[in-house]
Amino acid sequence: MPLTLYNSLTRRESPFEPLEPGKVRMYCCGVTVYDYCHVGHARAYIVWDMVRRYLMWRGYDVRYVQNFTDIDDKILNRARETNSTMEAVAERFIDEYFADMDKLNILRADEYPRATHTIDGIKRLIHELENKGYAYASGGDVYYNVRQFADYGKLSGRKLEEMQAGASGRLETEEIESQKKQDSSDFALWKSAKPGEPAWDSSWGKGRPGWHIECSAMVRDCLGETIDIHCGGSDLTFPHHENEIAQSEAATGKSLANYWMHNAFVTVNGKKMSKSLHNFITIRDLLEGNWSGDLESNPPAAQRGHGGTAPTQGGSKNEGSEKSKAVEPMAVRLFVLMAQYRSQIDFTEEAIASARNGWHTLKEGLLFGSQHGSKLGWDVEKIDKLTGEDNTLVQQFQAAMDNDFNTPGALTVLFELAKELGKEGNVLVHQGKTETSPELLQKKWVTLVSLAGVLGLEVQPESDSNDAVDGLSDGEIEEMIQQRKDARKARNFAEGDRIRNELKDRGITLIDQKDGTTIWHRS
């Protein structure tokens with residue numbers, strides 16, 4: 001069965017055929033480094049890490065490039081706010097980016113080009129566009145002449161006459177004088193220098209690049225004129241990716257990318273999670289437990305000490321009884337993968353609790369080998385090198401992933417394995433032996449570990465010490481929840497409360513839903 005994926009450019013699914021057999025050139029739009037990353041960023045980079053890992057598992061030699069935008073109005077504003085420099089702000093938040101992504105088990109890119117390191121390539125590309133009649137200089141700026149590119153709008157599906165002015169997209173206040181442009185839809189390739197801001201010499205005068213031209217130049221410098229996959233968030237489709245296509249294809253006469261892939265948003269109460277709406281949670285706040293379920297009440301990152309400013313005295317109002325529990329990195333990763341990448345996901349406490357529960361089920365299965373392998377006579381000295389997968393389950397997993405990276409379908413295979421291993425683990429703990437053959441259990445465990453690794457779901461080193469063998473398993477928790485439900489149905493509320501309190505004492509928090517179901521998570 002061939003791998004098929006949805007191409008945003010053609011608006012349909014099609015078999016994946018790389019430019020060069022066995023090799024994939026993949027470019028992902030990276031972050032503008034002026035603040036900590038939030039959960040929306042986590043979704044994007046977990047998704048593209050998953051795609052990259054799966055392509056590698058399928059046997060492709062993948063070259064993955066992801067840029068940093070390290071010159072931008074937002075970075076300059078942050079530097080002014082903190083009495084710092086553009087370079088210092090960028091370096092700080094590049095380091096913070098890696099700290100967050102490493103925790104989420106996101107593989108490092110093969111190359112991380114930066115806009116400020118690509119100035120020569122950017123200027124060279126602008127000159128080519130100018131020489132071919134696609135760009136014009138005006139008052140120290142250089143603009144792209146949108147009406148010269150006949151295919152403008154082919155990615156986003158927008159018609160030129162419907163597009164609004166200000167497609168340059170990155171200025172917080174529109175300061176470009178309209179009379180400099182030949183058309184209101186034209187966008188800046190080069191911006192003339194402003195007093196006190198970083199600038200580079202050019203034939204148009206001192207200035208700095210526009211946002212869109214950076215990625216066009218970095219793609220060409222790092223991967224060539226045409227690549228296999230260009231990916232990013234769906235909010236980048238227009239104007240950023242549309243403008244990339246216009247720039248690159250006008251200059252080279254070739255397609256920029258054969259496949260365009262976009263992940264959907266993370267929403268909060270139906271609204272896109274974003275810094276401008278202050279309805280976001282940084283990755284580290286989620287991992288450390290410094291967040292409230294009422295996202296509208298979470299203060300901006302800068303007010304929590306996240307923007308280089310000092311935190312407010314006494315901490316944020318999310319501390320104390322309102323402070324939610326820290327979320328394990330793999331639970332965050334699972335939260336993202338429980339939805340297909342093109343589907344929006346709504347961030348709620350219930351959704352995070354479900355991801356927590358799911359991860360503990362998977363973790364229990366992943367730890368089966370280290371916890372029970374010696375009892376089963378496995379070669380525990382070489383446990384990481386055990387082989388022998390269940391080919392039927394591998395094929396089921398691959399069939400789901402080949403269908404445009406259907407991670408929910410792939411996770412179904414993992415959960416079935418993990419639940420079976422969890423039950424066998426309970427039998428081993430309470431009875432000391434099992435009727436299932438050690439060889440079959442080894443095959444199931446090896447399959448689970450292998451396939452979970454394809455999705456980047458791996459037991460962290462500290463997990464072994466956090467999960468005592470004689471602790472409550474997922475199955476035992478579910479059984480106690482059912483006993484509580486039966487007690488409440490019989491109006492034996494005292495017994496129901498006793499079970500709830502016992503679970504609480506053992507680190508299990510119950511959340512009763514309006515539909516009568518109960519979800520739970522471990523402290």
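Just above sits the structure.
Now for a quick tour of the structure. These figures come from a predicted structure and were not determined experimentally.

### Comments concerning the sheet that holds strand β3 (residues 23–28)
Move 1: Across the sheet, four strands lie side by side as β4-β3-β9-β10; this open sheet has parallel pairing. Two strands close off the open sheet at either side, each with one partner strand: β4 (61–66) and β10 (257–263). Neighbouring strand axes in the sheet, compared pairwise and without regard to direction, differ in orientation by 20° on average.
Move 2: As paired strands, strand β9 (residues 227–233) and β10 are joined by six bridges and run parallel to one another. The residue bridging G232 from the neighbouring strand is H262, located in β10.
Move 3: Across the sheet, helix α5 (residues 211–223) touches β3, β4 and β9, and the angle it forms with β3 is around 155°.

### Remarks on the packing of aromatic side chains
Move 1: Inspection of every chain in the model, using the stated rule, returns 22 aromatic pairs.
Move 2: Seen in terms of ring centroids, W57 and F397 are 5.7 Å apart; in terms of plane orientation they differ by 85°. Their pairing is edge-to-face. Of the two residues, W57 sits in helix α1 (residues 39–57) while F397 sits in helix α11 (residues 391–402), which places them 340 residues apart along the sequence.
Move 3: Relative to F98, the ring of F68 has its centre 5.7 Å away and its plane inclined at 90°; by these criteria the two rings are edge-to-face. One end of the pair, F68, is in the loop between β4 and α2 (73–81); the other, F98, is in helix α3 (residues 86–103), with 30 residues separating them in the sequence.
Move 4: The class for F68 is buried, based on a relative accessible area of 1%.
Move 5: Every member of this aromatic cluster is reached through a ring pair, and the members are W48, Y54, W57, Y341, F397 and F405.
Move 6: For the cation-ring pair, R342 lies above Y6, with the distance from its terminal atom to the ring centre recorded as 4.1 Å.

### Thoughts on α2
Move 1: Turning to α2, its buried residues are D73, I75, L76, R78 and A79.
Move 2: In this fold, the buried residues of α2 make contact with α3 and β8 (207–209).
Move 3: Capping the start of α2, D72 holds a side-chain oxygen 2.9 Å from the backbone nitrogen of K74, two or three residues further along.

About the thresholds
- Residues numbered from 1 in each chain as written.
- Predicted model: local features only at pLDDT ≥ 70, side-chain atom pairs only at ≥ 80, totals over all residues.
- Heavy atoms only, no water.
- Pairing = 2+ DSSP bridges.
- Helix = DSSP H or I, 4+ residues; strand = E, 2+ residues; numbered from the N terminus.
- Axes fitted to C-alpha atoms, helices over the stretch in contact; angles between N-to-C directions.
- Contact = heavy atoms within 4.5 Å.
- Phe/Tyr/Trp six-rings, centres within 6.5 Å; stacked < 30°, edge-to-face > 60°.
- Buried < 20%, exposed > 50% of the residue type's maximum accessible area, 1.4 Å probe, protein only.
- Lys NZ or Arg CZ within 6 Å of the ring centre and 35° of its normal.
- Polar contact = N/O pair within 3.5 Å; in protein donor to acceptor, adjacent residues only side chain to side chain.

Worth remembering: the numbers are spatial, not functional.
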